[in-house]
Amino acid sequence: MSQVLERVRRAVIREALTERAALRAAPRRTVVTETAASLLVAAVALLPLLAVHPTRPVLAVLEGCWAALLVPVRHRRPVLAVLGTAALLVGDNVWTMLAIPLIVLSATRNITPARRAWHSVLATCAGALTLALLIGLRAPRALPEEVGGTALSALLLLVLPALSGTLLGRRRPLVRLLRERNAYLEQARSLTAATARLEERARIAGEMHDLLGHRLSLISVHAGALELSAARHAPPLAGQAELLRTTAGSAMEELREILDVLRRAEVTEPSPKSDRGTREDIAALVAEARGAGVTVDLTWSGPDTADAGPRTRQAIHRVVREALTNVLKHAAGAPTRVDVHSADGRVEVSVTNEAPRTPVHPLVGNHSGLAGLDERVRLLGGSFTAGPAPTGGFRVAARLPCTPAGTTTPDGTSTPVGTTTPVGTTTPVGAAAVDPAGDPAPSLSDPAPPLSDPASPPTRAVSPSLGLTDPTGAEAYAPLSAEALTWPRVLGAGCAAVCVGLPTVASLVVLLALAILR
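Conventions used here
Residues numbered from 1 in each chain as written. Predicted model: local features only at pLDDT ≥ 70, side-chain atom pairs only at ≥ 80, totals over all residues. Heavy atoms only, no water. Helix = DSSP H or I, 4+ residues; strand = E, 2+ residues; numbered from the N terminus. Buried < 20%, exposed > 50% of the residue type's maximum accessible area, 1.4 Å probe, protein only. Patch = residues over 30% accessible without salt bridge, like charges linked within 9 Å, V, L, I, M, F, W, Y side chains within 5 Å. Areas by Shrake-Rupley, 256 points an atom, 1.4 Å probe, with all protein chains shown as cover. Salt bridge = Lys/Arg side-chain N within 4 Å of Asp/Glu carboxyl O. Lys, Arg positive; Asp, Glu negative; His and termini not counted. Charge placed at Lys NZ, Arg CZ, Asp CG, Glu CD. Core = buried A, V, L, I, M, F, W, Y, C linked by side-chain atoms within 4.5 Å. Axes fitted to C-alpha atoms, helices over the stretch in contact; angles between N-to-C directions. Parallel < 35°, antiparallel > 145°, perpendicular 65-115°, else oblique. Left-handed = near helix turned anticlockwise from the far one by under 90°. Contact = heavy atoms within 4.5 Å. Nonpolar A, V, L, I, M, F, W, Y, C, P; charged D, E, K, R; others polar. Pairing = 2+ DSSP bridges. pLDDT = per-residue confidence, 0-100.

Chemist: Before we go on, may I ask you to explain the side chain of Ser 38 in this structure?
Modeler: By the element assignment, Ser 38 lies in helix α2 (residues 28-46). Note on Ser 38: relative accessible area 13%, which makes it buried.

Shown next, in the form of structure tokens:
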């Protein structure tokens, strides 16, 4: 006998230590919630006893305390919690019956498999009926009433809540499975779209390499031959021939950079160490324009832009190059002035040309060059204007922040997004003496816009059949969201649980009304 008691004592100590460790590991919110629920059940079961005196007050108080203890047990030991409700079914404290359906409902949701839950429910019903039979034996005349009342209470307060709990418990793995399936489909769709985008970009890069690369190579070879021939037979034209050759070489380098960006999965910003957009770079652009026959002067005030963001320097380079190209195409021979002013964290750049002194035949364009500059500058949080100058000619001006939002500075820091807002307004480009159509060959060191962002879902148009169109034009049916997939099942399980629990709620209302009337 002593050995048995010693084993029981050790088991109790071991269980107490386990529960203590679990309590310390539990989140604070869970501990507070369970404690509040236990105190609430204790208050509901014990406070009414001050107004309604039961026949056996000691047992009624013990039943209230027992119900409060079963509340935290329902998660850690759900089977024991269900079995513990047998004593409450045959007790004298009617108010503890309010906690029975809640305890059983919560406990049976956590018992797997479902047959194990029903085994514990049947064992609880058998225990409650046995206790009712033992209590009824003391008064044989009240035995049928005692056993019948306990059986009805077990049906309404135990069996029906257990049925609701098992329904909700079976819903959990289904919801989890559906969410995992939806996450898998979403990931598969993103990977498929990213692969399609990369294949399309690789195809475009191949076409550009085969067509443009071949033509630029021919231009470079013929320009080299022309330079050698001009050096022998026409020395005054040797400089123009050399400019043609170097320009073709620069175009080839920029084409290689474009192809490199198209073939990469991610588009990165220009290297902060690049000299694009600095004073030296702008001076080189002006020198190239002079070599091509443009009368242009450079005025630079303020510090160099080497410490500005790479996107800002790229925009400065693009504005100057685009404006000088337009002057060369549409106002050849017109005096031109390039002004760059850097101060107070902003850079102002303008290119102004006077009206041509001799009649010229401007080329026809589609306004895409200046429209692209307008978009580039506005994305950086600056302002852009282009239009006829008050004194004649044409003026292109841009005002840019040195460090746009989201730009990594040379010291490694990043400007937070949203700190820069657009300033000024953009003057619409109207008809002018100079056509803003010049769109020089793009440079891939510039942040060229990708075909699509691999990190973001592709934009697709909804088809009449409620499908989606992928970038390749084929119709694809995207998986619905997790809420849409699980909502019908959640609604069905919830409605079934509510319908099953309605008789339980009605019986509790009747029991409480009878207890109050007594």
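Past the structure itself, the notes keep going.
Chemist: Help me out: how do you make sense of a negative patch on the surface in this one?
Modeler: A contiguous patch of negative charge, built from Asp 275, Glu 280, Asp 304 and Asp 307, is present on the exposed surface. Following the sequence through the fold, Asp 275 ends up in the loop between α9 (238-263) and α10 (279-291).

Chemist: Just to check I follow, could you spell out the nonpolar core for this structure?
Modeler: Grouped burial of nonpolar side chains is what soluble globular proteins tend to show. Judged by nonpolar contacts, the single largest core of 31 residues is most densely connected at Val 320, Val 338, Phe 384 and Val 396. Among the elements of the structure, α10, β1 (296-301), α11 (310-330), β2 (336-343), β3 (346-353), α12 (368-379), β4 (383-388) and β5 (394-401) are those that each provide at least two residues to this core. By residue number, the principal contributor to this core is α11, which donates seven residues. Ranked by size, the runner-up nonpolar core spans 25 residues in total, among them Val 41, Ile 100, Val 104 and Ile 111.

Chemist: Is there a simple way to think about the packing of helix α7 (residues 114-136) against helix α8 (residues 143-233) in this case?
Modeler: Each packed pair of helices is defined by two parameters, the angle between the axes and the distance between the axes. Axis separation between α7 and α8 bottoms out at 9 Å; the angle between their running directions is 165 degrees. In terms of orientation, α7 lies roughly antiparallel with respect to α8. Where α7 crosses over α8, the two elements pack in a sense that is right-handed. The residues of α8 that touch α7, namely those facing Ala 117, Trp 118, Val 121, Thr 124, Cys 125, Ala 128, Leu 129, Ala 132, Leu 133, Ile 135 and Gly 136, are Leu 143, Glu 146, Val 147, Thr 150, Ala 151, Ala 154, Leu 158, Val 159, Ala 162, Leu 163 and Thr 166. Class assignment for the residues of the contact of α7 with α8 results in 17 nonpolar, four polar and one charged.

Chemist: Could you clarify how one ought to interpret the sheet that holds β1 in this entry?
Modeler: Remark on secondary structure: sheet strands pair via backbone hydrogen bonds, oriented parallel or antiparallel. Spatial ordering of the open sheet is given by β1-β2-β3-β5-β4, a layout of five strands whose pairing is mixed. The two strands at the open ends of the sheet, each matched to only one other strand, are β1 and β4. Here the strands of the sheet are splayed against their neighbours by 10 degrees on average, with no regard to which way each runs. Where β3 and β5 come together, eight bridges link them in antiparallel fashion. Residue pairing in the sheet places Glu 348 in a bridge with Arg 399 of β5. Strands β4 and β5 of the sheet are contacted by α12, whose axis makes an angle of about 155 degrees with β4.

Chemist: Is there a simple way to explain the confidence of the model for the protein in this structure?
Modeler: The predicted coordinates ought not to be read in detail in places where the model reports low pLDDT. Looking at the protein, pLDDT values average 75 and 77% of them are 70 or higher. With pLDDT under 50 throughout, residues 416-485 is counted as low confidence; its partners more than four residues away or in other chains account for 157 contacts.

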